[in-house]
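Residue strings, one per chain:
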Amino acid sequence: MRLTDWRSVFFILTILLQFNPASMAQVFTPAHYDAERAEMVDQQIGARGIRDEKVLAAMLKVERHRFVLPEYLDEAYADHPLPIGDGQTISQPYIVAFMTEALDLKATDKVLEIGTGSGYQAAVLAEICDSVFTIEIFPSLARQADNILKSLGYTNIFIKTGDGYQGWPEHAPFDAVIVTCAPEEIPGPLQDQLAEGGKMIIPVGGQYTQELVLAEKKNGKLVKNNVLPVRFVPMIDSTGRKY
């Protein structure tokens, strides 16, 4: 064998020795993900003031790694959003927990979600309330989320592809509305479809400045409070125009 051939073999062996299959496999074991999820709930969510036991239990149960792209599996329980395709993201775990807790959900509640995305937020909601009706503008994301949620056995989540600004009037009124994309103003149809006494959590604002608004319907009108500065993807229609 020529010297150059030996050098090639040595190079390949060096690379193989650096690669540790056992350590790589550990990342993808259920036990690893269980530990990561428990740490997420403890350090990212509970430590930041989320106290609702129903929300904490749901965040501990729902496997976030099921909803992320393969290339981001090692960041599935990290403290930040992740891309999911079509320019959309899966929200930071704390924000998912914060928005869910703000709605003060009951087991009998029917919830409208605008912006299905990966389906992760819908799964968290479905662990707490009676039913979730969720709308996604991107057909590919709606199909993907539907497949994941069905594979996980959820039967109380209903997904449709459509313009979230218009809501889902056929199933209104809703006890709560959660919106995961930002319009510049709260859509009128969503206000109309919120039940009296119901709560809505929604990011409102432009591309660079948004506030998470918690609103409650009292005597037919929304009483609004800004609760947190945030940055969500914009709410758009089927042509891509921003609301």
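Residues numbered from 1 in each chain as written. Predicted model: local features only at pLDDT ≥ 70, side-chain atom pairs only at ≥ 80, totals over all residues. Heavy atoms only, no water.

1. Considering the overall build of the chain
Here comes step 1: Of the regular secondary structure elements, the chain holds 8 helices and 9 strands.
Here comes step 2: Taking all 243 residues of the chain together, the buried fraction comes to 46%.
Here comes step 3: Pairs at least 24 residues apart make up 53% of the contacts formed inside the chain by residues separated by at least 6 positions. (Helix = DSSP H or I, 4+ residues; strand = E, 2+ residues; numbered from the N terminus. Buried < 20%, exposed > 50% of the residue type's maximum accessible area, 1.4 Å probe, protein only. Contact = heavy atoms within 4.5 Å.)

2. A short note on the pairing of strand β9 (residues 221-230)
Here comes step 1: Bridging between strand β8 (residues 210-218) and β9 involves 9 bridges; their strand directions are antiparallel. Its bridge partner lying in β9, V213 is registered against N226.
Here comes step 2: Two successive antiparallel strands, β8 and β9, enclose a turn made up of 2 residues, where N219 displays a positive phi of approximately 55 degrees. (Pairing = 2+ DSSP bridges.)

3. A look at the confidence of the model for the chain
Here comes step 1: Here the chain averages 90 in pLDDT, and 89% of its residues register 70 or above.
Here comes step 2: A low-confidence stretch, residues 8-26 (pLDDT under 50), is modelled with 3 contacts involving residues beyond four sequence positions or located in other chains. (pLDDT = per-residue confidence, 0-100.)

4. Overview of the pattern of salt bridges
Here comes step 1: Taken as a whole and judged by the stated rule, the model has 8 salt bridges.
Here comes step 2: K54 serves as the salt-bridge partner of D52, at 3.3 Å between the closest nitrogen and oxygen.
Here comes step 3: Taking relative accessible area as the criterion, D52 reaches 15% and is therefore assigned buried.
Here comes step 4: As a salt-bridge pair, D109 and K106 come within 3.5 Å of each other at their nearest N and O atoms.
Here comes step 5: Overall, D109 belongs to the buried group, its relative accessible area being 4%.
Here comes step 6: On the basis of relative accessibility, which here comes to 48%, the residue K106 falls in the partly exposed class. (Salt bridge = Lys/Arg side-chain N within 4 Å of Asp/Glu carboxyl O.)

5. Description of helix α7 (residues 139-151)
Here comes step 1: Taking 1.5 Å of rise per residue, the 13 residues of α7 would be expected to cover 18 Å, and the 18 Å separating its terminal C-alpha atoms lies within 8% of that figure.
Here comes step 2: Every buried residue of α7 is listed here: L141, A142, A145, I148 and L149. Buried residues of α7, viewed axially, fall in a sector of 135 degrees; they line one side. Exposed and facing more than 90 degrees away from the buried side of α7 are R143, N147, K150 and S151.
Here comes step 3: The inward-facing, buried residues of α7 abut β1 (82-85), β2 (88-90), α6 (120-126), β4 (131-136) and β5 (157-161).
Here comes step 4: Directly beyond the C-terminal end of α7, a positive phi value near 90 degrees is found at G153. (Expected span 1.5 Å × (residues − 1). Arc of directions from axis to C-beta.)

6. Thoughts on the side chain of T134
Here comes step 1: Here T134 is to be found in strand β4.
Here comes step 2: Note on T134: relative accessible area 0%, which makes it buried.
Here comes step 3: In this structure T134 touches E113, G115, T116, I157, F158, I159, K160 and W168, once residues within four positions along its chain are discounted.

7. Observations concerning the environment of N156
Here comes step 1: If you trace the backbone, N156 turns up in the loop between α7 and β5.
Here comes step 2: As for N156 and C129, which are separated by 27 residues in sequence, their C-alpha atoms are 8.9 Å apart.
Here comes step 3: Leaving out residues up to four positions away in the same chain, N156 has contacts with A126, C129, D130, S131 and V132.

8. Digging into the side chain of E136
Here comes step 1: Mapped onto the fold, E136 is located in strand β4.
Here comes step 2: Buried charge without a partner: E136 forms no salt bridge, and the closest opposite charge is R143, 11 Å away.
Here comes step 3: A polar contact of 3.2 Å, which involves the side chain of E136, links it to the backbone nitrogen of T116.
Here comes step 4: Here E136 is in contact with G115, T116, G117, L141, A142, K160, T161 and G162, once residues within four sequence places are set aside. (Lys, Arg positive; Asp, Glu negative; His and termini not counted. Polar contact = N/O pair within 3.5 Å; in protein donor to acceptor, adjacent residues only side chain to side chain.)

9. With respect to the packing of aromatic side chains
Here comes step 1: Taken as a whole, this structure holds 7 aromatic pairs when the rule is applied.
Here comes step 2: Look at Y33 and Y77: their rings are 6.2 Å apart centre to centre, the planes differ by 50 degrees, and that puts the pair in the tilted class. Here Y33, found in helix α3 (residues 30-45), pairs with Y77, found in the loop between α4 (53-61) and β1; they are 44 residues apart in sequence, far enough to count as distant. Comparing Y33 with Y77 shows no difference in burial state: the two are buried.
Here comes step 3: Members of the aromatic cluster, joined through ring pairs, are F133, F158, W168 and F174.
Here comes step 4: For R48, the ring lying beneath its charged end belongs to Y94, and the centroid distance is 5.2 Å.
Here comes step 5: Directly above the ring of Y120 sits R64, whose terminal nitrogen or CZ lies 5.7 Å from the centroid. (Phe/Tyr/Trp six-rings, centres within 6.5 Å; stacked < 30°, edge-to-face > 60°. Lys NZ or Arg CZ within 6 Å of the ring centre and 35° of its normal.)

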